[in-house]
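Here is how the chains run, residue by residue.
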Amino acid sequence: MSDLFAPSPSDEPSARAALSPEQEPLAERLRPKRLADIIGQDHLTGPDGAIGRMVAAGKLSSMILWGPPGTGKTSIARLLADAVGMRYVSISAVFSGVADLRKAFAEAESMASLGRRTLLFVDEIHRFNRAQQDGFLPYVERGTVTLIGATTENPSFALNAALLSRAQVLILHRLDAAALPRLLARVEDETGVPLPLTPAAREALVASADGDGRFLINQAETLLDVSLPAPLDPAGLSKFLMRRMAVYDKDRDGHYNLISALHKSLRGSDAQAALYYLARMLVAGEDPMFVLRRLVRFASEDIGLADPQALIQCLAAKDAYDFLGSPEGELAIVQACLYCATAPKSNAAYLAQKAAFASARETGSLSPPANILNAPTKLMKDIGYGANYAYDHDAPDGFSGADYWPEGMARQTFYRPVERGFEREVIRRLEWWEKRRQDRA
């Protein structure tokens, strides 16, 4: 299939008719011409940055550029080739297959024999499967190509360990409130036309980009393509431009990053931050039932018996959401989130579970005492099952003080409640039963 979809000669960039500058998208016309023109990535491209140091030395190593959309990954790759005098080849993992890779590697080997080095830029490299990623290894190791991969996904999960061991991972930052206005200024310098926006609307446009420079330029181009009678205010801008959806892939990093942020904000009892991350997920289209499942888990793991009502609140929120659906039922999720954030915290039950499970795995062959085993048959009674069992309700105070642990196994303490919330009462109960047990010993 990769051969079937390999580009024909007429599809090659050199064979396509070049667009005039006026026909090119504004984002393409504004691509930086020098590394110094890259905005918002000074930690990499500056003199002390990893890329800046490589360029100064005139020698590049293979690298993975990891960052959100519209932060300059493609521009950096193009400019690096120019900066060190390398041949630049670009492919996209979305549109390319094995045939394209073979062709690129064969051309790189031919050029290497003539003394020309090749920088191979692979956009969306995480979309190549594991076998395709393995195909890069011998060419990277021999220096046939210097690989620059671009990805929006966490390389730890999206790329082979073998490939990662041969490439530096460089992290690009989303463009901040200082970088994005500089892009708008470049738009106005390039076009010679001021954006038809009030100062407040200009700020709103920058905020809507959410760190994506390409999105911001495209929105600015849309504004410049029409004739407006007067500058737009924020309300007018909102009506004119479609609202940007939150960047969130439910099976990608955003999904796991936000649920991690929600869980840790709850654990840290920051109700405001927890509500913010909950809103981020729901507004972006996360399945509310996934959020509810995580809240139920949190109620057991991080609150436990410090506030037994937390679990009840979360399950009630699940029932309310089942009954009401969205959007009305989402308020119940908010209520459960706030309850968990403000509840006293304890992971004593969670630690007790881990300790008990570990002990069970180590001593799983030990039989319980015969006196507490049921004896439904005569044979089982004859061999001592249930013999001399002390029925606690027959004791004067409803407590026999019997030993329930396997023979040869010392008594263990798995659950150690903390002095918070209802577990203060649980401590007193455990101490009361333990004292009575010692009195009966």
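Please read all numbers here as calculations on a predicted model, not as lab measurements.

Q: Any chance you could break down the pattern of salt bridges for me, citing the residues and the numbers?
A: Enumeration according to the criterion identifies 22 salt bridges in this entry. Its salt-bridge partner being Arg87, residue Glu107 comes within 3.2 Å of it at the nearest N-O pair. Of this pair, Glu107 sits in helix α5 (residues 98-113) while Arg87 sits in strand β2 (residues 87-92); the two residues are 20 residues apart in sequence, bridging distant segments of the chain. Given the relative accessible area of 14%, Arg87 is considered buried. A salt bridge links Glu434 to Arg411; its shortest N-O distance comes to 3.8 Å. Note that Glu434 is positioned in helix α21 (residues 423-440) and Arg411 in the loop between α20 (378-382) and α21, a separation of 23 residues in sequence. One network of salt bridges, in which partners are shared, links Arg267, Arg297, Glu301 and Asp302.

Q: Lay out the packing of aromatic side chains with the relevant residues and their values.
A: This structure, assessed with the given rule, holds eight aromatic pairs. Relative to Phe136, the ring of Phe105 lies with its centre 5.7 Å away and its plane at 90°, an arrangement referred to as edge-to-face. Of the two residues, Phe105 sits in helix α5 while Phe136 sits in the loop between α6 (130-134) and α7 (137-142), which places them 31 residues apart along the sequence. Exposure class is identical for Phe105 and Phe136. Each is buried. For the ring pair Phe128 and Phe136, a centre distance of 5.9 Å and an interplane angle of 55° mean the geometry is tilted. According to the relative accessible area criterion, Phe128 is buried, its value standing at 3%. Overall, Phe136 belongs to the buried group, its relative accessible area being 0%. Taken together through their ring pairs, the aromatic side chains of Phe105, Phe128, Phe136 and Tyr139 make up a single cluster. Residue placement shows Arg142 over the ring face of Tyr139; its charged tip is 5.0 Å from the ring centre.

Q: Which residues make up empty space enclosed by the protein, and what values do they have?
A: This structure, assessed with the given rule, holds one cavity of 30 Å³ or more. The computed volume of the largest cavity comes to approximately 40 Å³. Lining the largest cavity we find Ile259, Leu262, His263, Leu266, Arg294, Leu295 and Phe298. Elements with a contribution of two residues or more to the lining of the largest cavity: α14 (253-267) and α16 (288-303). In terms of residues, the lining of the largest cavity owes the most to one element, α14, which gives four residues. A per-class count over the lining of the largest cavity returns five nonpolar, one polar and one charged.

Q: Tell me about the pairing of strand β1 (residues 63-66), residues and numbers included.
A: In this structure, β1 lies alongside strand β4 (residues 145-151), joined through four bridges in parallel fashion. For Ile64, the partnering residue across the bridge sits in β4 and is Gly149. The sheet contact formed by β1 and strand β5 (residues 168-171) spans four bridges and is parallel. Bridging across to β5, Met63 finds its partner in Gln168.

Q: Requested: an account of helix α15 (residues 271-283), with residues and values cited.
A: The terminal C-alpha atoms of α15 lie 18 Å apart, and with 13 residues this matches the ideal 18 Å at 1.5 Å per residue to within 8%. Two or three places before Gln272, at the start of α15, stands the capping residue Asp270, its side-chain oxygen 3.3 Å from that residue's backbone nitrogen. Of the residues flanking the end of α15, it is Gly285, one or two places downstream, whose phi is positive at about 105°.

Q: Kindly report on the packing of helix α10 (residues 179-191) against helix α12 (residues 213-224), identifying the contributing residues and their values.
A: Following both chains from N to C, one finds α10 and α12 inclined at 40°, their axes separated by 10 Å at the closest point. Between α10 and α12, the angle falls in the class oblique. Of the two possible hands of crossing, α10 and α12 adopt the one that is right-handed. Along the contact surface, α10 presents Leu180, Leu183, Leu184, Val187 and Thr191, while α12 presents Gly213, Leu216, Ile217, Ala220 and Leu224. Its residues assigned to classes, the contact of α10 with α12 comprises eight nonpolar, two polar and no charged.

Conventions we followed
- Residues numbered from 1 in each chain as written.
- Predicted model: local features only at pLDDT ≥ 70, side-chain atom pairs only at ≥ 80, totals over all residues.
- Heavy atoms only, no water.
- Salt bridge = Lys/Arg side-chain N within 4 Å of Asp/Glu carboxyl O.
- Helix = DSSP H or I, 4+ residues; strand = E, 2+ residues; numbered from the N terminus.
- Buried < 20%, exposed > 50% of the residue type's maximum accessible area, 1.4 Å probe, protein only.
- Phe/Tyr/Trp six-rings, centres within 6.5 Å; stacked < 30°, edge-to-face > 60°.
- Lys NZ or Arg CZ within 6 Å of the ring centre and 35° of its normal.
- 1 Å grid on protein atoms, 1.4 Å probe; cavity = no way out; pocket = protein on both sides within 12 Å on 5 of 7 lines; lining within 4 Å.
- Points joined across faces, edges and corners; volume = space filled by probe spheres on them.
- Nonpolar A, V, L, I, M, F, W, Y, C, P; charged D, E, K, R; others polar.
- Pairing = 2+ DSSP bridges.
- Expected span 1.5 Å × (residues − 1).
- Polar contact = N/O pair within 3.5 Å; in protein donor to acceptor, adjacent residues only side chain to side chain.
- Axes fitted to C-alpha atoms, helices over the stretch in contact; angles between N-to-C directions.
- Parallel < 35°, antiparallel > 145°, perpendicular 65-115°, else oblique.
- Left-handed = near helix turned anticlockwise from the far one by under 90°.
- Contact = heavy atoms within 4.5 Å.

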